[in-house]
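Architecture and fold: a report
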Amino acid sequence: MLQIPTWSKVLTILILVAGVLIALPNALPGWVDSRIPGFLPNSTVALGLDLQGGSYLLLEVEFDQVQKDRLESLMGDIRIALRKARIGYTNLQASPDSVSLRVLDPSRYDEAKSILGNLNPAVGGSVLSAGARDYQLIEPGRGSLVMHMTDNFKTRTQDQIIEQSIEVVRRRIDQLGTREPTIEKQGEDRILVQVPGLSDPQRLIKLLGTTAKMTFQMVDDSADEAQAARGIVPIGDELLKYAPNKTNGVTPPPLVVERRVLVGGDRLTDAAQSFDPQTGQPDVTLKFDTVGAREFGDATKENVGKRFAIVLDNQIIEAASIREPILGGSADITGGFTVQNATDLAVLLRAGALPAPLKVIEQRTVGAELGADQVTAGKYSTLAGLILVVLFMVARYGLFGLFADAALVCNVILLMAALTAFGATLTLPGIAGIVLTMGMAVDANVLIYERIREEHRNGRSIIASIDQGFRRAMATIVDANMTHLIASLILFQLGSGPVRGFAVTLGLGIITSFFTAVMVTRLFVVTWLKTARPKQLAL
């Protein structure tokens, strides 16, 4: 046991050196950290919302709008399918969770019923859901048909919307360049967002509150805009307002556009803020995928001389005339933007559209001054805990206590290195986990040293006592650390937010403390035995 292989010594030393290099930037001032050569580690532990300040938002997903959009889409599919089959109908309308119509010709009722059935997809994927439908087809009589949303479809849709919304929110926040945001589901229809270090929470609210659903639709120049303003809009059209002009404040009057979408925003592959080469004004450059480029090219080819509107969240960004087919798969939006507006719009389009609107129901802003006080208090508490443990070990075990203290310092360094390497976010509960880890880190040394004392009292020599102390204490050390590690894993799995931060630091601390207590302390003790060759046990 006391004969440590050369490879084990080298590996232990390399791990300690790597830990020092990775953790060192956390202890350096900013002006020194910025001058570290690029080939050396220069990352630091990200501070959480409670330490460096930032924004806290609780968002509610508005499923009603999604349900309404699904029903409108279904109405459009029904309208197209029945017209193609030349089946007359009337009273096509949507209620909160169903679509109904009445077939004019009773002899074609069954044919219409079959067409609606084909528009009602079956749910697959599992034995329990196989054969189920998104809509329940109801026949009230008198030639009427009703497609009613099933409860299974509503539940499945809500789960999908929540997952998609979380992913889009994460992509949008990542585009801002912030570090370690916390984005998680709360309850059935809410999303918790914490963004440390964000100095402009209103910009975050605006960024997350925008659905960013972009479409390209033709302008109906034949429509009477005066009548449309009074609510008389041609079938298949809608009256849309312009988005407010950010540059000169002049907003054009509303336009009548066709509901039919030429190209959807889901066909975008990239969006970037740029400048118009002719005017020098900020604009946004769009790029489509292969299908989108073909659809956009065909639409502009068929409508040369007409106008099309670029619509974002039911507001017109720009309405331009098609002078020639646009076949390159790209387009520019010039809507009177400022640089920041154009940048934010590009971020929204790159991240994708939210599947449902998000409503801010709670907002909190944590100031950096409070965070600085908490960081200082955390440093003092950590330092105080370290000093007390060091003094106790020296008073209790003398020279061997110094070995344990040196291993404890190595443990703290390795723990900070692990947090830095994994990109973990340090919060107040995380600091509590570090302080607790320091107390637990010497547990293994206490077990080993007490076992060595017991073996020495039983008449064994110094070398034999130390050898048996390390051997026989190992089972207890492994058992204790595994128990703590399992507890930290359970906390991480079942907890959220601060509890997870505590569990991460506790779990990593258990691993590093096991390594330092067994490998590093043993290396110190063996090196001391070979160099000092003591005749009495200094324990």
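Here goes a summary of the coordinates provided. (Residues numbered from 1 in each chain as written. Predicted model: local features only at pLDDT ≥ 70, side-chain atom pairs only at ≥ 80, totals over all residues. Heavy atoms only, no water.)

**Description of the overall build of the protein chain**
What the protein chain contains, in helices and strands, is 16 helices and 20 strands. Once local pairs closer than 6 in sequence are excluded, the contacts in the protein chain between residues at least 24 apart make up 69%. Only carbon and sulfur atoms are counted for the fraction: they give 56% of the accessible area of the protein chain, which is about 28000 Å². (Helix = DSSP H or I, 4+ residues; strand = E, 2+ residues; numbered from the N terminus. Contact = heavy atoms within 4.5 Å. Areas by Shrake-Rupley, 256 points an atom, 1.4 Å probe, with all protein chains shown as cover.)

**Description of the sheet that holds strand β17 (residues 315–321)**
Taken together, five strands build a closed barrel; the order of strands is β11-β13-β12-β17-β16 and the barrel is mixed. The sheet shows a mean angle of 55 degrees between the axes of neighbouring strands, taken without regard to direction. Two strands pair when backbone bridges link them, and strand β12 (residues 237–242) and strand β13 (residues 255–264) are joined in this way by four bridges, in the antiparallel orientation. Paired with Asp 237 across the two strands is Glu 258, which belongs to β13. Against the sheet, helix α9 (residues 290–302) touches β11 (214–219), β13 and β16 (307–312), its axis set at about 140 degrees to β13. (Pairing = 2+ DSSP bridges. Axes fitted to C-alpha atoms, helices over the stretch in contact; angles between N-to-C directions.)

**Here we look at the packing of helix α14 (residues 443–457) against helix α15 (residues 462–494)**
It is at 7 Å that the axes of α14 and α15 come closest, and there the two elements cross at 135 degrees. As summarised for this structure, α14 and α15 are arranged oblique, according to the angle between their axes. Between α14 and α15 lies a crossing whose hand is right-handed. Every residue of α15 that contacts α14 at Ala 444, Leu 447, Ile 448, Arg 451, Ile 452, Glu 455 and His 456 is listed here: Ile 462, Ser 465, Ile 466, Gln 468, Gly 469, Phe 470, Arg 472, Ala 473, Thr 476 and Ile 477. A breakdown of the residues in the contact of α14 with α15 according to their chemical character gives nine nonpolar, five polar and three charged. (Parallel < 35°, antiparallel > 145°, perpendicular 65-115°, else oblique. Left-handed = near helix turned anticlockwise from the far one by under 90°. Nonpolar A, V, L, I, M, F, W, Y, C, P; charged D, E, K, R; others polar.)

**Re the pairing of strand β8 (residues 144–149)**
A large share of β8 lies buried, amounting to five of its six residues. Relative to β8, strand β4 (residues 98–103) runs antiparallel, the two being bridged by five bridges. Counterpart to Ser 98 in the pairing with β8 is His 148. Inspection of the sheet shows strand β7 (residues 135–141) paired to β8 by five bridges, in the antiparallel sense. Bridge pairing in β8 places Gly 141 opposite Ser 144. Hairpin connection from β7 to β8: two residues lie between these consecutive antiparallel strands, with Arg 142 at a positive phi of about 60 degrees. (Buried < 20%, exposed > 50% of the residue type's maximum accessible area, 1.4 Å probe, protein only.)

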